[in-house]
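Reading the structure
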Amino acid sequence: MTMTDNEKKNALTTENLRSPQEWKSFFSGFSHFVLVANSDEQSLEAIRSSYPETALFIFFNRVNKVLSKPFDGNSILVTRSNQAGSELVYRDILGQMVSLLPSPGFKGVLNMRVVEFEHLMEPSQFKQTPAGTLDLAEYFRSFYPREHTASSGFAMALWLCEHIPASKVVLTGFSATRGKKWKLFLIHDWVFEQSALNLLAMNGRIEFSGKTVQNPYTALLQRFPDLKNEDVLFASVQTLSMQLENSKRHIDRLISITAPLRLLYDGFKALKRKSKKDRILAANRK
């Protein structure tokens, strides 16, 4: 007895997937990849209805901050490893996150690293949850700025864009702005990432949900053909320089005004207990 296409789709899981070829085979079963950033700018009900049943929704780490109720579409959960492994595992909160992504739509966990010092976990450490690992350390070594590490969403977007070109990569909530619930980690190069994603979107390689990306200077140069590309570049740099200078003045004032608050904050941090990640790393060094 042969399986129907729907049964085959439901049977797909991430369990024990490790090699790029195994992941390519898994992802090729979906027509769209909707990457859901951990951002305040989400309206998942509208997004869910905008894509077919063959779409795969990709969530990241603490999905309880973007999902208020279980999500019934096809989904996987990407958990990024740090030096101590997956935070969802060593904090014992994986079950809470997975409960928001029920079967049969949930296909499992993808444990990822993008630099060598991050520690990938064994699939068995995710217990009953199907899990595989994707090592992108070598993939990003040659072109990502060396002083930073790629964010998980950016890493998945680029890898899928390059390796599964037949499917659509859609980004939602990828604003790279500080929200009320989410802060921006400066270990990632947000300017580089947003520039790369916008460039790919302008060339039709990826899409931003609810947002059309185009190069406004192309139309400007067509309207004023006597202008040159280097003129546009110089004017843009000059404008950004002026805005940065104004921002620095405001930041300097804020630093002066908030000095008493920072004294209290630093004192509180000194008294705070070490995080579980720091305790695990300290134990491993002994």
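Residues numbered from 1 in each chain as written. Predicted model: local features only at pLDDT ≥ 70, side-chain atom pairs only at ≥ 80, totals over all residues. Heavy atoms only, no water.

This next bit is on the overall build of the chain. Regarding its fold elements, the chain presents 12 helices and eight strands. Across the 286 residues that make up the chain, the buried fraction comes to 40%. With an accessible surface of roughly 17,500 Å², the chain has 55% of that area assigned to carbon and sulfur atoms. (Helix = DSSP H or I, 4+ residues; strand = E, 2+ residues; numbered from the N terminus. Buried < 20%, exposed > 50% of the residue type's maximum accessible area, 1.4 Å probe, protein only. Areas by Shrake-Rupley, 256 points an atom, 1.4 Å probe, with all protein chains shown as cover.)

Time to look at the environment of L233. Summarising the element assignment, L233 is placed in helix α10 (residues 229-257). Look at L233 and you get exposed, because its relative accessible area is 56%. Spatially, the C-alpha atoms of L233 and Y217 are 9.6 Å apart, while their sequence positions differ by 16 residues.

This paragraph deals with the environment of H32. Here H32 is to be found in strand β1 (residues 32-36). H32 sits in the buried class, given a relative accessible area of 18%. Spatially, the C-alpha atom of H32 lies 5.3 Å from that of S167, the residues being 135 residues apart in sequence. Sequence-distant contacts of H32, defined by excluding residues within four places in its chain, comprise Y51, P52, T54, A55, L56, S167 and K168. Within polar-contact distance, the side chain of H32 engages the side chain of S31 at 2.8 Å. (Contact = heavy atoms within 4.5 Å. Polar contact = N/O pair within 3.5 Å; in protein donor to acceptor, adjacent residues only side chain to side chain.)

Turning to the nonpolar core, a few remarks are in order. Generally speaking, a soluble globular protein has its nonpolar side chains buried in company with each other. F27, F33, L35, I58, F140, M156 and L160 are the most contacted members of the largest nonpolar core, which totals 42 residues. The element that contributes the greatest number of residues to this core is helix α7 (residues 152-163), accounting for eight residues. Every residue in contact with F140, bar those within four places of it in the chain, is listed here: V114, A150, F154, A155 and L158. Ranked by size, the runner-up nonpolar core spans 27 residues in total, among them I47, V63, V66 and L100. (Core = buried A, V, L, I, M, F, W, Y, C linked by side-chain atoms within 4.5 Å.)

Two side chains carrying opposite charge are able to pair once their charged atoms lie near each other. Taken as a whole, this structure holds 10 salt bridges when the rule is applied. A salt bridge links E118 to R80; the shortest N-O distance between them is 3.0 Å. Within this pair, whereas E118 is found in the loop between β5 (106-113) and β6 (131-135), its partner R80 is found in strand β3 (residues 75-82), the two being separated by 38 residues in sequence. The exposure class assigned to E118 is buried, which follows from its relative accessible area of 6%. A salt bridge links R91 to E87; the nearest nitrogen and oxygen atoms lie 3.0 Å apart. Using a relative accessible area of 32% as the deciding quantity, one classes R91 as partly exposed. Among the ionic contacts, a cluster of salt bridges with common partners joins R48, E53 and D72. (Salt bridge = Lys/Arg side-chain N within 4 Å of Asp/Glu carboxyl O.)

Moving on to the packing of aromatic side chains. Following the criterion strictly, the structure yields 16 aromatic pairs and no others. A centroid spacing of 6.1 Å and a plane angle of 65° characterise the contact between F154 and F192, whose relative ring orientation is edge-to-face. Of this pair, F154 sits in helix α7 while F192 sits in helix α8 (residues 190-202), placing them 38 residues apart in sequence. Residue classification places F154 among the buried residues on the basis of a relative accessible area of 1%. Using a relative accessible area of 26% as the deciding quantity, one classes F192 as partly exposed. A network of ring pairs unites the aromatic residues W23, F26, F27, F30, F33 and W159 as a single cluster. (Phe/Tyr/Trp six-rings, centres within 6.5 Å; stacked < 30°, edge-to-face > 60°.)

This paragraph deals with the side chain of R80. Residue classification places R80 among the buried positions, given a relative accessible area of 12%. One polar contact links R80 to E118, side chain to side chain, over a distance of 3.0 Å.

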